[in-house]
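Examining the three-dimensional arrangement
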Number of protein chains: 2
Amino acid sequence: MPVKEATVAVLGATGAVGEQILRNLEKRSFPLKDLRLLASKRSAGKKVRFNGGEVTVQEATPEAFEGVDIALFSAGGSVSEKFAPEAVKRGAVVVDNTNAFRMDPEVPLIVPEVNKEEIKHHKGIIANPNCSTIQMVVALKPLYDRFGFDRVIVSTYQAVSGSGAKAMEELNEQSRAVLEGREVVKKIMPVGKLDKHYQIAFNALPQCDVAQENGFTLEEMKMVRETKKIFGDEQIGVTATCVRVPVQRGHSESIYVELKKDFDLEEVRQALREADGVILEDDIHNQVYPTPLDSAGRDEVFVGRVRKDTVHPKGLNLWVVSDNLLKGAATNAVQIAEHLVRE
Amino acid sequence: MPVKEATVAVLGATGAVGEQILRNLEKRSFPLKDLRLLASKRSAGKKVRFNGGEVTVQEATPEAFEGVDIALFSAGGSVSEKFAPEAVKRGAVVVDNTNAFRMDPEVPLIVPEVNKEEIKHHKGIIANPNCSTIQMVVALKPLYDRFGFDRVIVSTYQAVSGSGAKAMEELNEQSRAVLEGREVVKKIMPVGKLDKHYQIAFNALPQCDVAQENGFTLEEMKMVRETKKIFGDEQIGVTATCVRVPVQRGHSESIYVELKKDFDLEEVRQALREADGVILEDDIHNQVYPTPLDSAGRDEVFVGRVRKDTVHPKGLNLWVVSDNLLKGAATNAVQIAEHLVRE
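What counts and what doesn't
- Residues numbered from 1 in each chain as written.
- Chains lettered and ligands numbered in written order.
- Predicted model: local features only at pLDDT ≥ 70, side-chain atom pairs only at ≥ 80, totals over all residues.
- Heavy atoms only, no water.
- UniProt positions renumbered as here; feature names shortened; annotations may be inferred.
- Pairing = 2+ DSSP bridges.
- Helix = DSSP H or I, 4+ residues; strand = E, 2+ residues; numbered from the N terminus.
- Phe/Tyr/Trp six-rings, centres within 6.5 Å; stacked < 30°, edge-to-face > 60°.
- Buried < 20%, exposed > 50% of the residue type's maximum accessible area, 1.4 Å probe, protein only.
- Axes fitted to C-alpha atoms, helices over the stretch in contact; angles between N-to-C directions.
- Contact = heavy atoms within 4.5 Å.
- Parallel < 35°, antiparallel > 145°, perpendicular 65-115°, else oblique.
- Buried area = accessible area lost by both parts, 1.4 Å probe.
- Salt bridge = Lys/Arg side-chain N within 4 Å of Asp/Glu carboxyl O.
- Least-squares fit on C-alpha atoms with pLDDT ≥ 70 in both.
- Expected span 1.5 Å × (residues − 1).
- Bend = angle between axes of the 7 residues up to and from the residue.

An unreviewed UniProt entry lists chain A under the name Aspartate-semialdehyde dehydrogenase, with Melghirimyces profundicolus given as the organism. On record in UniProt, under Catalytic activity (unreviewed entry), the comment for chain A is "L-aspartate 4-semialdehyde + phosphate + NADP(+) = 4-phospho-L-aspartate + NADPH + H(+)". The Sequence similarities (unreviewed entry) field of the UniProt record for chain A holds the comment "Belongs to the aspartate-semialdehyde dehydrogenase family."

Spelled out as structure tokens, the structure:
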């Protein structure tokens, strides 16, 4: 770096996020010198379509990163821990979409709309935040800049695609079983690796990811810790309740935030309208608000239901929706890669 | 009143809530002298099963309330406005499940676990609160008594059955259409009488009921106003975001409350365990928490995910689930009727 065109490796190319990374590279006409698709041995040899042609998936090995400028990782935390040092050793910058390095003080945690100036401090690895955090901080950034805040209370409505392609199949298959009166098979949700599995079809599960000692889940604590790090402000307190709902794509969030300055709603709406990466869809009187179904396949963060609290004079309510596979993962990673190429 | 056995009329007997009222009268062996099932002219003549037999539905007319001791109304606000005065004039006590009289200062708004002592102040009409309010106040009552609070922030995950039997059919039919790749027909959700309708299958809609001038929906403002009235405490501030999710039965709520006294979590759990009408299901480390699917068909309010806020020292988080057709409507109405019979 800096480069004008980059050789890019995508690790986890056959997964739900990897697929979206490829679509994003195409859509954004990313300046590619070469594209290398990497995955586990099991997926090696598969052919994946890209820009009208086909690219063959190779097995991820340390040597596969030779000559790579930017490596986009989304194959799970343990895979990142294994291969990120190997890729960095060979001169690549890793943009990692897992939880492996996010809280590492040496690793910038980047949402370009909020803290792109931190990208340059990387030492080979840049972390992509958790999907629920990304859309929240994009929506809150213009409010932080204009009004300040130190208090956020958020409840999420998270899509199953956050748990991968198999969870999406499980939701469909369970829904079919319920509608046809067949037995419902439960194998993945809420957390594949845990013992108990519950029906997600026509249900809501107040658990995304494993429990932490304090009774919050890891997903909830990610929102707490990552928000502080991305804003570079340890004073921001976040209280999160993360819930999985029977939606395929698109996370929604009910956000309550206490601003530091007095505000009127029109100022807040104006700040959101002008904000990078935000689309304001806010007119309840004409039934205009974002929904996960409408946000699916789009790269922005959608904000609606902007309301002044009836209790606290500086309290503000927002409904924030974004495609968890795009801005919540693939789009954010590719945006970081674009910044790397530009510099 | 007082009576030992009562002649009970059920107005709206063929609706989603009316059906559950009948099941509740059966299950609780309500001391019936006579049961009269009333509905619109369209439904008159239908036969409805009750206690192993059949009861014929009669058309609701003013005269149909002659000799009735207790009339349970769940046929919509305008029907209540028309018939409640007629029933009261004929000596009946009306337990009304609509929004028609809830905020009338002459009408007690009752959740027996919270304010059953207000029942005796009725002047012929007693109001059953909104479903989302009922389950919240049942869960909060033991905390109010032991620790006090004046601040609640709630986000709901509401089942479609709150919009009636046709909404439940719409969710099933839309789900089938999505799974089979057919066109999705949108006629009811989020609010039948409004112009725009959105897909609820595999989606989340941040609108339950019509918009109010302040940008909140009526459902959200019901939670604000009714909570104050039920606790008899105008100081309680509630901020609500009400969202419809693709669940058939069972509303869930993510509740944040700031208690007035210091607490430890075990005290909170003990208060909830001992509370009337509450079942504590709280052990995230063993994946124990309530879900709407598991609460469907049950009369209690289920509480889990009890967590001490990581930010505010007196902040507490709860996940509260209950069957909106039962405790949220039919069960609460029948419980009020039981109190009337006992007195």
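That shown, we press on.
Thoughts on the sheet that holds strand 2 (residues 32-39) of chain A
Sheet strands pair by backbone hydrogen bonding; their relative direction is either parallel or antiparallel. Residues and elements named next belong to chain A. Pairing within the open sheet is parallel, and its 6 strands lie in the order 5-2-1-6-7-8. The sheet is open, and its two edges are formed by strand 5 (58-59) and strand 8 (125-127), each paired on a single side. Of the pairings in the sheet, the one linking strand 2 to strand 5 comprises 2 bridges and is parallel in character. Paired with A39 across the strands is E59, a residue of strand 5.

A few points about the packing of aromatic side chains
For the coordinates displayed, the defined rule picks out 17 aromatic pairs over all chains. Ring geometry for B:F147 versus B:F263: centroids 6.2 Å apart, planes at 65°, classification edge-to-face. Note that B:F147 is positioned in the loop between helix 4 (131-146) and strand 9 (149-157) and B:F263 in the loop between strand 11 (251-259) and helix 7 (265-274), a separation of 116 residues in sequence. On the basis of relative accessible area, B:F263 is assigned to the buried category, the value being 5%. Through a chain of ring-to-ring contacts, the aromatic side chains of A:Y157, A:W319, B:Y157 and B:W319 assemble into a single cluster.

Some words on the sheet that holds strand 11 of chain B
Residues and elements named next belong to chain B. The mixed open sheet is built from 6 strands, whose spatial order is 10-9-11-14-13-12. Whereas interior strands pair on both sides, the edge strands pair on one side only; in this sheet they are strand 10 (237-241) and strand 12 (278-280). Along the sheet, successive strands turn relative to each other by an average axial angle of 25°, direction set aside. The strands touched by helix 6 (residues 218-231) are strand 9, strand 10 and strand 11; relative to strand 10, the strand with the most contacts, the crossing angle is about 150°.

Some words on the UniProt feature "binding site: NADP(+)" (unreviewed entry) in chain A
All names here are of chain A. Mapped onto this numbering, the UniProt entry annotates "binding site: NADP(+)" (unreviewed entry) at T14, G15, A16, V17, R42, S43, S161, G162 and N324. Across 311 residues, the annotated set is spatially dispersed, with a maximum C-alpha separation of 26.1 Å. In this structure, A16 sits in helix 1 (residues 16-27). Structurally, G162 is set in the loop between strand 9 (149-157) and helix 5 (165-180). Setting aside anything within four residues of it in sequence, one finds G162 in contact with R244 and N324.

Examining the packing of helix 4 of chain B against helix 9 (residues 326-342) of chain B
Residue and element names in this part refer to chain B. For the pair helix 4 and helix 9, the least separation of the axes is 8 Å and the interaxial angle reads 85°. Put simply, helix 4 runs roughly perpendicular to helix 9. From helix 4, C131, I134 and V138 reach across to helix 9, where they touch K327, G328, A329 and N332.

As for the interface of chain A and chain B
Tallying the contact residues gives 65 residues for chain A and 65 residues for chain B. Summing both partners gives a buried area of about 5300 Å² for chain A against chain B, and 58% of it is carried by carbon and sulfur. Considering only the side of chain A, the residues that lose the most area to chain B are A:L179, A:F202 and A:Q287, jointly responsible for 13% of the buried surface there. At the junction of chain A and chain B, the tally comes to 8 salt bridges. The partner of B:R305 in a salt bridge is A:E220, with the nearest N and O atoms 2.7 Å apart.

Some words on the pattern of salt bridges
Residue and element names in this part refer to chain A. Counted according to the given criterion, the structure contains 52 salt bridges over all chains. Residue K123 pairs with E106 through a salt bridge whose shortest N-O separation is 3.1 Å. Of this pair, K123 sits in the loop between helix 3 (112-115) and strand 8 while E106 is found in the loop between strand 7 (93-96) and helix 3, placing the two residues 17 residues apart along the sequence. By relative accessible area, which is 57% here, K123 ends up exposed. Among the residues examined, E106 registers a relative accessible area of 44% and is labelled partly exposed.

Regarding the relation of the copies chain A and chain B
Laying chain A over chain B is done by rotating through 180° and shifting 0.0 Å along the axis; what remains is an RMSD of 0.0 Å. The relationship between the two copies is best expressed as a two-fold rotation axis. Of the interface residues in chain A, 100% have counterparts in chain B that sit at the interface too, so the contact is made through matching surfaces.

Some words on helix 9 of chain B
Residue and element names in this part refer to chain B. Helix length check: helix 9, at 17 residues, gives a terminal C-alpha distance of 21 Å against a target of 24 Å (1.5 Å per residue), a shortfall beyond 12%. Maximal helix bending in helix 9 amounts to about 35°, located at N332. Most of helix 9 sits inside the fold, with 16 of its 17 residues counted as buried.

Notes on the pairing of strand 6 (residues 70-73) of chain B
Residues and elements named next belong to chain B. Side chains I70 and L72 of strand 6 all project onto a buried face; the interleaved residues A71 and F73 project onto the opposite face, where all are buried too. For strand 1 (residues 6-11) and strand 6, the ladder comprises 4 bridges, and the chain directions are parallel. Residue pairing for strand 6: L11 is matched across the bridge by F73. Strand direction decides the pairing type here: strand 6 and strand 7 (residues 93-96), joined by 4 bridges, are parallel. The partner of F73 across the bridge, within strand 7, is D96.

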